[in-house]
Amino acid sequence: MELDKMDENDWKYHGEGNKSLVVSHVQHARVLRLLKYSTEDDENSHKTTEQAFRHIQNIVDYSKNVMKPLLGEKFVHNGEAVKLPIDFVRQLSLKVQRERPESRCDKVMDTFSGCALCLPNLTQLSSCCCFGQHRPPLCIEIKPKCGFLPSSRHVTKEIKSKVCRFCMHQHFKVTSGKWKRLSRYCPLDLFSGYVTTHPFWVLITAESHFNGGLKWKGGECIYSCKDDADVLQDLDELAQHLRPYFLPSGSLINGHQASKVVLNELIQVLMSALLSSWDCPRTVEPRKTHLPEGRVTCEASILHRDLLWNGNHCLPKDCVLAKILGTQMHDNLDIEGLNPLFRRVEQHLQDFPKESRLQIDGPYDESFLEKVQNCPAEDDGSIEYAVGKVHQYRVAMTAKDCSIMIAIAPCGEDDGLDQNLEIQPAKPRFSYSVSILDLDPKPYDSIPHQSRLDAKILNYYLRSTQPNHQEVDNLELTNPGLFLGRDREDCTLVFHPV
Ligand SMILES: O=P(O)(O)O[C@@H]1[C@@H](OP(=O)(O)O)[C@H](OP(=O)(O)O)[C@H](O)[C@H](OP(=O)(O)O)[C@H]1OP(=O)(O)O
Ligand SMILES: Nc1ncnc2c1ncn2[C@@H]1O[C@H](COP(=O)(O)OP(=O)(O)OP(=O)(O)O)[C@@H](O)[C@H]1O
C-alpha cells in the first residue's frame, strides 16, 4: 500500500462496530479500520494526529503483546498503525456515508487525525488455500460473548450463577430498544463442548441479532442479520449462494429441503473450525479442556438441560473456543469482587499521581502481560494484587467482546494447504482459517460503568421474569421485556475430530 498514492475509489465500505469503521480494498485483501467518535464528544473528535496514532499503536501493542500470547499466534492478526493523507480520509468518509446503517450513524468517522489500523482482510483466505479454485471463499463472523457463569464467592445475587449475562442482558436491550426482539442464542450452549447444531443454527440465522450471521462470499457481504427480516426467505437466499459449495451440481434437492441440507453442511464446517485442536496432529485424539462442573448450563438456555447435564463438558484443548473461554475466565472475581480492588488502585493513584509502573493505560508490553499472568493467587493487601486483578478483568472483557471470523474455501486434492487445516465434512473438501478480531483494550475507567450496568442488567431481568421482584438497586426501571420462546426443535449431530 503506497500511502502517498491513496485513492478513495480503491476502497469500499466493509462494516462497522461501536468504535470503528472498516473499509476494504477492492483488489487487495487489506482493510483499514478507522476510529469513530460520538458527534457530541468534542474533546475526542479533535484528537491530534499524534494522540490518535498513539491510541491505534496501543491497540496494535495490546493485540500483539497481550492478546496474541493468550489466544494463540494463529488466531490473532495485530496489523499496523498507519498515517493516511487527510484528503483521502475526507473523501473516503463522504463516499462511505451512504452505505452506513442508520443505527450506527450516532457516531462519525474520524476525519481529523488521518490515522488508521491496517489489517489483512480476514473475510478472504490467503491465496494458497484457494489455489486452482474458481469459487470465491466464504466467510462467517460470529460474536460468541461470555461463555461461563461466575463462581466467585463475591457474587451476591444467586441468579448470576444460574442465568448467564448474555441471556439476562438481552431483556435490558429489548426494553431499551437496542434490540427489537430476544434471541435464542445462549453463549453457554456454544462453549459447553456439548456438540449440537442448535447454537450454530441460531448463530448463522437472523435470530442472533448482532451476535453473528454476517456472511461474505469473496469479500462481498451476502447476508447480514436484520431485525425485521423474514428469516426463512433470507435463509433460502443464503442457501442459494451456498448451494454450489455444498451440493453436487446435478443434485435434485430443491426448496426448503435443499436449504436445510446446505445450511447443515455449512454448520458442520463451522463446528469443525471452532472445535478443532489447532496444535494437535490430526491423527491424535485431541486433548480436552474440562469445564468446571455446574458452570456450563444457563437456566435461560432453550437447549434441553438434561442433555447438557448428561454431556461430557469439554472443549478440545487449544480450539479457538477453548482459547477464548480460557481468556474470559481471567475474570474470576466477577465485577462485584473487582470493585474494592479497583478502589484500591484509585486510592493509590490519588496518593501517587505520578505513578506509571502500574501500566494503567499501557504500555501494553511483556511487562503488562506478566502482571496479568503472574498476579498473586490470594489477596495479600498489595497494590500489585489489585492492579493484577484489574488488568485480568480488562483482558477478560476484551475476550468477552471479540468476534471470530471463519473463512472457508473448497480445495482440490492437490491444493497446498500450508497453515490452514483441511477437513472433509462431506464431498467436496474444504480448507479454512479462523481469526479473532476486535481485540482492543477496554478502558480502565469503564470499570465503574460495568458495575452499574451489572446491577441494571440484573434488575431488568428479574423484573421481566419475576413480577414480584424487589429491586436490587434503586435504579429506575421501565417496561418489562419479553420472554424467550421455547418452541424450536433441536437437532443433535455427532462430531468426529478431524
Ligand atoms: O456490554 P455488552 O456486553 O453489551 O458489549 C458491548 C457490545 O454490545 P453487544 O452485546 O455485543 O451487542 C457493543 O457492540 P455493539 O455496539 O452492540 O455492536 C460494543 O462491542 C461494546 O464495546 P465498546 O464499548 O465498543 O468497546 C461492548 O461493551 P463492553 O464490552 O465494553 O461491555
Ligand atoms: N481484519 C478484518 N477483516 C475483515 N473484516 C473486518 C476486519 N476487522 C473488522 N472487520 C469487520 O468490521 C466490523 C467492525 O469491526 P470491529 O468489530 O473491530 O469494530 P468495533 O467498533 O471495535 O466493534 P464493537 O462494536 O465490538 O466495539 C467487524 O464486525 C467485521 O465485520
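Everything discussed here concerns the structure shown above.
Residues numbered from 1 in each chain as written. Chains lettered and ligands numbered in written order. Predicted model: local features only at pLDDT ≥ 70, side-chain atom pairs only at ≥ 80, totals over all residues. Heavy atoms only, no water.

## Overview of helix α4 (residues 165-176)
Part 1 of the argument: For α4, spanning 12 residues, the distance from its first C-alpha to its last is 16 Å, which sits close to the expected 16 Å at 1.5 Å a residue.
Part 2 of the argument: Taken across its 12 residues, α4 has 10 buried, putting it largely inside the fold.
Part 3 of the argument: Every buried residue belonging to α4 is among F166, C167, M168, H169, Q170, H171, F172, K173, V174 and T175, and all of these are buried.
Part 4 of the argument: Lining the buried residues of α4 we find α5 (187-191) and α14 (447-465).
Part 5 of the argument: G177 sits one or two positions beyond α4 and adopts a positive phi of about 90°. (Helix = DSSP H or I, 4+ residues; strand = E, 2+ residues; numbered from the N terminus. Expected span 1.5 Å × (residues − 1). Buried < 20%, exposed > 50% of the residue type's maximum accessible area, 1.4 Å probe, protein only. Contact = heavy atoms within 4.5 Å.)

## Observations regarding the pattern of salt bridges
Part 1 of the argument: Using the criterion set out here, one finds 19 salt bridges in the structure.
Part 2 of the argument: Close ionic contact of R33 with D440 constitutes a salt bridge, the shortest N to O distance being 3.1 Å. Here R33 is found in strand β3 (residues 30-38), whereas its partner D440 is found in the loop between β14 (430-437) and α14, with 407 residues between them in sequence. Across the pair, D440 and R33 agree in class, each one buried.
Part 3 of the argument: Where E384 meets R357, a salt bridge forms, and the shortest distance between an N and an O atom there is 3.0 Å. Taken together, the positions of E384 in helix α13 (residues 383-400) and R357 in the loop between α11 (334-351) and α12 (366-373) put the pair 27 residues apart, joining distant regions of the chain.
Part 4 of the argument: Salt bridges linked by common partners bring K143, K145, D401 and K442 together as one network. (Salt bridge = Lys/Arg side-chain N within 4 Å of Asp/Glu carboxyl O.)

## Details of the site of ligand 2
Part 1 of the argument: Surveying the vicinity of ligand 2 reveals 21 residues, the closest of which are N18, K19, S20, E141 and D438.
Part 2 of the argument: K19 places a main-chain nitrogen or oxygen 2.7 Å from an oxygen atom of ligand 2.
Part 3 of the argument: P120 is positioned with one of its backbone polar atoms (N or O) 2.9 Å from a nitrogen atom of ligand 2.
Part 4 of the argument: Look at ligand 2: alone it shows 620 Å² of surface, and the protein chains cover 92% of it.
Part 5 of the argument: Those elements that place two or more of their residues in the shell around ligand 2 are β1 (11-16), β2 (20-25), β3 and β6 (115-120). (Near = heavy atom within 4 Å. Polar contact = N/O pair within 3.5 Å; in protein donor to acceptor, adjacent residues only side chain to side chain. Areas by Shrake-Rupley, 256 points an atom, 1.4 Å probe, with all protein chains shown as cover.)

## Re the site of ligand 1
Part 1 of the argument: Residues in close proximity to ligand 1 total 13 residues, the closest being R104, K143, K173, K178 and D401.
Part 2 of the argument: Expressed as a share of its isolated accessible area of 600 Å², the protein-covered part of ligand 1 is 82%.
Part 3 of the argument: When residues of the shell around ligand 1 are assigned to their parent elements, the largest contribution, three residues, is made by α4.
Part 4 of the argument: Each residue belonging to the shell around ligand 1 can be placed in one class, and the counts come to one nonpolar, three polar and nine charged. (Nonpolar A, V, L, I, M, F, W, Y, C, P; charged D, E, K, R; others polar.)

## Considering the packing of aromatic side chains
Think of a pair of aromatic rings as described by two things: how far the centres are apart, and how the planes are tilted against each other in angle.
Part 1 of the argument: Applying the stated criterion to the full structure yields nine aromatic pairs.
Part 2 of the argument: On the numbers, 6.5 Å between centres and 65° between planes, the contact of W11 with F88 is edge-to-face. Here the residue W11 occupies a position in strand β1, and F88 occupies one in helix α3 (residues 86-97), the gap between them amounting to 77 residues.
Part 3 of the argument: Residue class for F88 comes out buried when judged on its relative accessible area of 3%.
Part 4 of the argument: Between Y62 and F368, the aromatic rings sit 6.3 Å apart at their centres with planes inclined by 70°, giving edge-to-face as the arrangement. (Phe/Tyr/Trp six-rings, centres within 6.5 Å; stacked < 30°, edge-to-face > 60°.)

Read these as layout, nothing more, since geometry by itself doesn't imply function.
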